[in-house]
Amino acid sequence: MTEAVCPARRCRPAIMYNTRMKFFIRTFGCQMNENDSEHIAGVLAAAGAEKAGRPEEADLVIVNTCAVREKSEEKLYSYLGRLSSLKKKRPFLIGVAGCVAQIRRRNLIRNRPFIDFVVGPDNYREIPGLVERAGAPCVRTGRGREWREFGHGETLRENPAVAYVTVMEGCDNFCAYCIVPFSRGRERFRPAANILREVREVAADGSREVEFLGQNVDAYRDPETGRGLDALLDETSAMAGIEWMRFITSHPRNFGDEIIQAMRRNPKVCRQLHLPLQSGSTSVLKRMNRGYSRDDYLALVDRLETALPGLQLSTDIIVGFPGETEADFEETCDVVRRVRFAGIFSFRYSPRPLTAAARLPDDVPLEVKRRRLLALQGLQKTIQLGLNQSFIGQTVKVLCSGPGLRGPGRFSGRTEGNLVVNFSAPEDPTGRFVAVRVTGCGPYSLHGELA
Ligand code: 5AD
Ligand code: SF4
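The notes below deal with the structure included here. It should be emphasised that the depicted structure is a prediction, and the values quoted were computed from it without experimental measurement.

### Considering the overall build of the chain
Then, number 1: Per the secondary structure count, the chain includes 12 helices and 21 strands.
Then, number 2: Expected size for 451 residues packed as a compact globule is a radius of gyration near 22 Å; at 23 Å, the chain falls within 12% of this value.
Then, number 3: Each of the three principal axes of the chain carries a C-alpha extent, and together these read 70 × 55 × 50 Å.
Then, number 4: Here the chain holds 451 residues, and 55% of them are scored as buried.
Then, number 5: Nonlocal contacts in the chain, meaning residues at least 24 apart in sequence, comprise 70% of its contacts between residues at least 6 apart.
Then, number 6: Per element, the accessible surface of the chain, about 19600 Å² overall, is 51% carbon and sulfur.
Then, number 7: Where the 65 positive side-chain charges of the chain centre and where its 54 negative ones centre are 5 Å apart.

### Remarks on the pattern of salt bridges
Then, number 1: Following the criterion strictly, the structure yields 37 salt bridges and no others.
Then, number 2: Here R125 makes a salt bridge to E154, at a shortest N to O gap of 3.0 Å. Of the two residues, R125 sits in the loop between strand 7 (117–119) and helix 4 (127–132) while E154 sits in the loop between strand 8 (138–140) and strand 9 (162–166), which places them 29 residues apart along the sequence.
Then, number 3: Owing to a relative accessible area of 49%, R125 belongs among the partly exposed residues under this scheme.
Then, number 4: Between D234 and R265 there is a salt bridge; the shortest N-O distance is 2.9 Å. Here D234 is found in helix 7 (residues 229–237), whereas its partner R265 is found in helix 8 (residues 257–265), with 31 residues between them in sequence.

### Quick word on the site of ligand 1
Then, number 1: Close to ligand 1 lie V68, R69, Y177, Q278, D316, I318, F347, R348, Y349, S350 and R352, which account for all nearby residues.
Then, number 2: Interatomic distance of 3.5 Å between a backbone N/O atom of V68 and a nitrogen atom of ligand 1.
Then, number 3: Measuring from an oxygen atom of ligand 1, one finds a side-chain N or O atom of Q278 at 2.7 Å.
Then, number 4: Contact with the protein chains hides 87% of the accessible area of ligand 1, taken as 400 Å² for the molecule alone.
Then, number 5: Counting residues per element, the ones that place at least two in the shell around ligand 1 are strand 15 (312–319) and strand 16 (343–348).
Then, number 6: The residue makeup of the shell around ligand 1, split by class, is 5 nonpolar, 2 polar and 4 charged.

### Digging into the state of the cysteines
Then, number 1: Overall, the coordinates contain 0 disulfides when judged by the stated rule.
Then, number 2: No disulfide involves C99; its nearest neighbouring cysteine sulfur is the one of C66, lying 6.2 Å away.

### Structural notes on the packing of aromatic side chains
Then, number 1: In total, this model carries 10 aromatic pairs according to the counting rule given.
Then, number 2: Relative to F433, the ring of W244 lies with its centre 4.9 Å away and its plane at 80°, an arrangement referred to as edge-to-face. Placement of the pair is W244 in strand 13 (residues 244–248) and F433 in strand 20 (residues 433–441), with a sequence separation of 189 residues.
Then, number 3: Look at W244 and you get buried, because its relative accessible area is 5%.

### What to know about the pairing of strand 21 (residues 446–450)
Then, number 1: With 4 bridges connecting them, strand 19 (residues 420–424) and strand 21 associate as parallel partners. Bridge assignment links N422 to a residue of strand 21, and that residue is H447.
Then, number 2: Two strands pair when backbone bridges link them, and strand 20 and strand 21 are joined in this way by 5 bridges, in the antiparallel orientation. Looking at the pairing, G440 lines up with H447 of strand 21.
Then, number 3: Remark: 4 residues form the turn of the hairpin made by strand 20 and strand 21, two consecutive strands paired antiparallel.

### Describing the packing of helix 10 (residues 294–307) against helix 11 (residues 326–339)
Then, number 1: Between helix 10 and helix 11, the shortest axis-to-axis distance is 12 Å and the interhelical angle comes to 10°. With respect to helix 11, the element helix 10 is oriented roughly parallel. Listed contacts from helix 11 to R294, Y297, L298 and V301 of helix 10 are E331, D334, V335, R338 and V339.
Then, number 2: In terms of residue class, the contact of helix 10 with helix 11 is made up of 5 nonpolar, no polar and 4 charged.

### Quick word on empty space enclosed by the protein
Then, number 1: Scanning the model with the defined rule gives 1 cavity of 30 Å³ or more in all.
Then, number 2: As a volume, the largest cavity reaches approximately 40 Å³.
Then, number 3: Among the elements of the structure, strand 13 and strand 14 (272–274) are those that each provide at least two residues to the lining of the largest cavity.
Then, number 4: Class assignment of the residues belonging to the lining of the largest cavity gives a composition of 3 nonpolar, 3 polar and 2 charged.

Reading the values: rules and limits
- Residues numbered from 1 in each chain as written.
- Chains lettered and ligands numbered in written order.
- Predicted model: local features only at pLDDT ≥ 70, side-chain atom pairs only at ≥ 80, totals over all residues.
- Heavy atoms only, no water.
- Helix = DSSP H or I, 4+ residues; strand = E, 2+ residues; numbered from the N terminus.
- Rg over C-alpha atoms; globule rule 2.2 N^0.38 Å.
- Buried < 20%, exposed > 50% of the residue type's maximum accessible area, 1.4 Å probe, protein only.
- Contact = heavy atoms within 4.5 Å.
- Areas by Shrake-Rupley, 256 points an atom, 1.4 Å probe, with all protein chains shown as cover.
- Lys, Arg positive; Asp, Glu negative; His and termini not counted.
- Charge placed at Lys NZ, Arg CZ, Asp CG, Glu CD.
- Salt bridge = Lys/Arg side-chain N within 4 Å of Asp/Glu carboxyl O.
- Near = heavy atom within 4 Å.
- Polar contact = N/O pair within 3.5 Å; in protein donor to acceptor, adjacent residues only side chain to side chain.
- Nonpolar A, V, L, I, M, F, W, Y, C, P; charged D, E, K, R; others polar.
- Disulfide = S-S within 2.5 Å.
- Phe/Tyr/Trp six-rings, centres within 6.5 Å; stacked < 30°, edge-to-face > 60°.
- Pairing = 2+ DSSP bridges.
- Axes fitted to C-alpha atoms, helices over the stretch in contact; angles between N-to-C directions.
- Parallel < 35°, antiparallel > 145°, perpendicular 65-115°, else oblique.
- 1 Å grid on protein atoms, 1.4 Å probe; cavity = no way out; pocket = protein on both sides within 12 Å on 5 of 7 lines; lining within 4 Å.
- Points joined across faces, edges and corners; volume = space filled by probe spheres on them.

So this is what it looks like as structure tokens:
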């Protein structure tokens, strides 16, 4: 890599590459961001670049950011601090992508001259061009009206067994605390024909599971035929090769009977759902603009569990939303005790720019938010440990996603219920289904050995 002056003299010295360019992507946030990073990697690989194992070895580092909570955004700034010190030792390009890029735009590069470009989710295909003309910092956050389709060669998947397939993006629900309608924009649906083409491609490439992604996935409607998620599940079920299907994220308000029926008639749809509760108090839910009450949520859980025996539920909960009283919080804990979720993602409320709740007083003191979060997590840990212990001695079907963290001979995968299983096996079963005998567990995973 050598430094040269930009021939057009419009910009700062460009970095020119005389070998294959290496890129590293650091992803924060949800599965949709992970899928976007796979697209960014694919677009760069199609342009001739290759993946680096560490930022220290890369000519280009892209940070794919999450804006959903204050803490997610803080993680970006501390990571950028690290990159800026690295860049003082050796030149390389830094790009900021994702939701913070879309929200903060030009403000990100003010006082951060080490950032070379800022690129929003609708503009990832422009990244190779931005790299070419690196020099003057660029900001590309325009929104297209068309679905941002990526070709088969423009996706470099991380997991050989499970393929993420984005079906919709954005959200029209405007929950009072949530930045997503602003960072990802209003709801847009991907044509079903393109989704099904991608599913066929991933099945041919060896994926055994498909996970449909969208911020509000059960609102999905094919822009051409108006058919919903139920039709996507039916058509994917008919495809050879795909054995498990999931979808995330659901909204209790949009979860219609047609989806329950589609799950019932298609055994390939995993008996597992992520169904964000956010709060167990009807008055808090009202102020959150969630569109359902505590009783509506419990009734939906009842209908689901009756229709789909063995269903594993997970959820998201926010503690310390403006005005949340001790009694409101107790109602949340009560729902958690009743439903016995297999997993909870729990967060302290933080006000986010542009949202309706940002105009409310953030009146639950930090110590109270901390205490409630710890109490909720403690309660859930006990419930989860109990649920996981009930698997000890059983043999479970696991889709292996790759080597585990604990050294050679150890692998990791998930069950149909989305539980993480770490296990030992004499040879590498990555990408395949295996039977694992569960010998032990912690609150967050099972462990065992090949049966
Ligand atoms: N503060 C705390 N948690 C939030 N979430 C979304 N916005 C906020 C916020 N402002 C949580 C919700 C959502 C998950 C992705 O993040 O629980 O479901
Ligand atoms: Fe955010 Fe609510 Fe939309 Fe989920 S449904 S992305 S929480 S606005």
